[in-house]
Amino acid sequence: MNDVLAEIERARDLQDVVDLLHDRFDHYSWVGIYLVDGDDLVLGPWKGPQATEHVRIPIGQGICGAAAASGETEIVNDVNADRRYLSCFVSTRSEIVVPIPFEGRVVGEIDIDSDEPAAFGEDDRRFLERVAESIAPYARSATKTSTT
Ligand code: SME
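The shown structure was predicted, so the numbers you read here are calculated from the model rather than taken from an experiment. (Residues numbered from 1 in each chain as written. Predicted model: local features only at pLDDT ≥ 70, side-chain atom pairs only at ≥ 80, totals over all residues. Heavy atoms only, no water.)

Concerning unusual backbone geometry
One non-glycine residue, Glu103, adopts positive backbone phi at about 45°. For Glu103, the position within the fold is in the loop between strand S5 (94-102) and strand S6 (105-114). We note that Ala118 has phi near 45°; this positive angle belongs to a residue other than glycine. With respect to the element layout, Ala118 can be found in the loop between S6 and helix H4 (122-142). (Helix = DSSP H or I, 4+ residues; strand = E, 2+ residues; numbered from the N terminus.)

Have a look at this one:
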């Protein structure tokens, strides 16, 4: 994971980051970055076998909205057992959502779906939280709520 982190630190933009994550880890079946737009999350770059219908999610709804509201990483081992879950792909079994913090606010999040049950552990959490930290300035400048 450290070699991928080094590559991510050299990535040119958020699409590069999404592509790297998707291509380097077999259990990352679909990878997307949502960006905060007012009270909503709007889908930015993504990579996976299919597009999702959830391109705009109100903060507070779904696993994505919960992580944006709390600022805490969400790991869901069995999406079908979580009532908050907004279904995107029938093949998805588990999900991790990692907020991207910038200057004390959530400016976006990394959302990863896996076709494997309970695919995400503490290694993924630690790694993706470091990724989120390193891409925060990109995500900040891509959000539409910029005040600077
Ligand atoms: N499952 C997410 C919605 C986004 S899709 O996974 C791409 C959720 O429950 O918020």
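From this point, the discussion proceeds with the structure in view.
Looking at the site of the ligand
In the neighbourhood of the ligand, 13 residues make up the surrounding shell, with Ile63, Cys64, Leu86, Cys88 and Glu95 lying closest. Cys64 is positioned such that a nitrogen or oxygen atom in its backbone is 2.8 Å from an oxygen atom of the ligand. Between the ligand and the protein, one listed contact pairs an oxygen atom with a side-chain N or O atom of Asp113 at 3.1 Å. Bound to the protein, the ligand loses 100% of the 310 Å² it would expose on its own. Among the elements of the structure, strand S1 (30-37), helix H3 (62-70) and S6 are those that each provide at least two residues to the shell around the ligand. If you tally residues by element for the shell around the ligand, the top one is H3, at three residues. Considering only residue class, the shell around the ligand consists of eight nonpolar, two polar and three charged. (Near = heavy atom within 4 Å. Polar contact = N/O pair within 3.5 Å; in protein donor to acceptor, adjacent residues only side chain to side chain. Areas by Shrake-Rupley, 256 points an atom, 1.4 Å probe, with all protein chains shown as cover. Nonpolar A, V, L, I, M, F, W, Y, C, P; charged D, E, K, R; others polar.)

Describing the sheet that holds strand S4 (residues 74-76)
Pairing is antiparallel across the open sheet formed by six strands, whose spatial order is S3-S2-S1-S6-S5-S4. Either end of the sheet is taken by a strand with one partner, and the two such strands are strand S3 (56-58) and S4. Mean inter-strand twist for the sheet, computed between neighbouring axes without regard to direction, equals 25°. Strand direction decides the pairing type here: S1 and S6, joined by six bridges, are antiparallel. The partner of Gly32 across the bridge, within S6, is Asp111. Sheet strands in contact with H4 are S1, S4, S5 and S6, and its direction is about 50° off that of S5. (Pairing = 2+ DSSP bridges. Axes fitted to C-alpha atoms, helices over the stretch in contact; angles between N-to-C directions. Contact = heavy atoms within 4.5 Å.)

Some points on the pairing of S6
A large share of S6 lies buried, amounting to nine of its 10 residues. The pairing of S5 with S6 spans nine bridges and is antiparallel. What sits directly across from Ser94, in S6, is Ser114. The hairpin formed by S5 and S6 contains two residues between the paired strands, and Glu103 there has a positive phi angle of roughly 45°. (Buried < 20%, exposed > 50% of the residue type's maximum accessible area, 1.4 Å probe, protein only.)

Focus on the pattern of salt bridges
The full count for this structure, using the stated rule, is 10 salt bridges. The closest approach of N and O atoms between Arg12 and Asp16, which form a salt bridge, is 3.1 Å. Since its relative accessible area comes to 65%, Arg12 is described here as exposed. Residue Asp123 pairs with Arg126 through a salt bridge whose shortest N-O separation is 2.9 Å. Of the two residues, Asp123 and Arg126 both sit in helix H4, three residues apart, roughly one turn of that helix. A single network of salt bridges, built from pairs that share partners, joins Asp37, Asp40 and Arg56. (Salt bridge = Lys/Arg side-chain N within 4 Å of Asp/Glu carboxyl O.)

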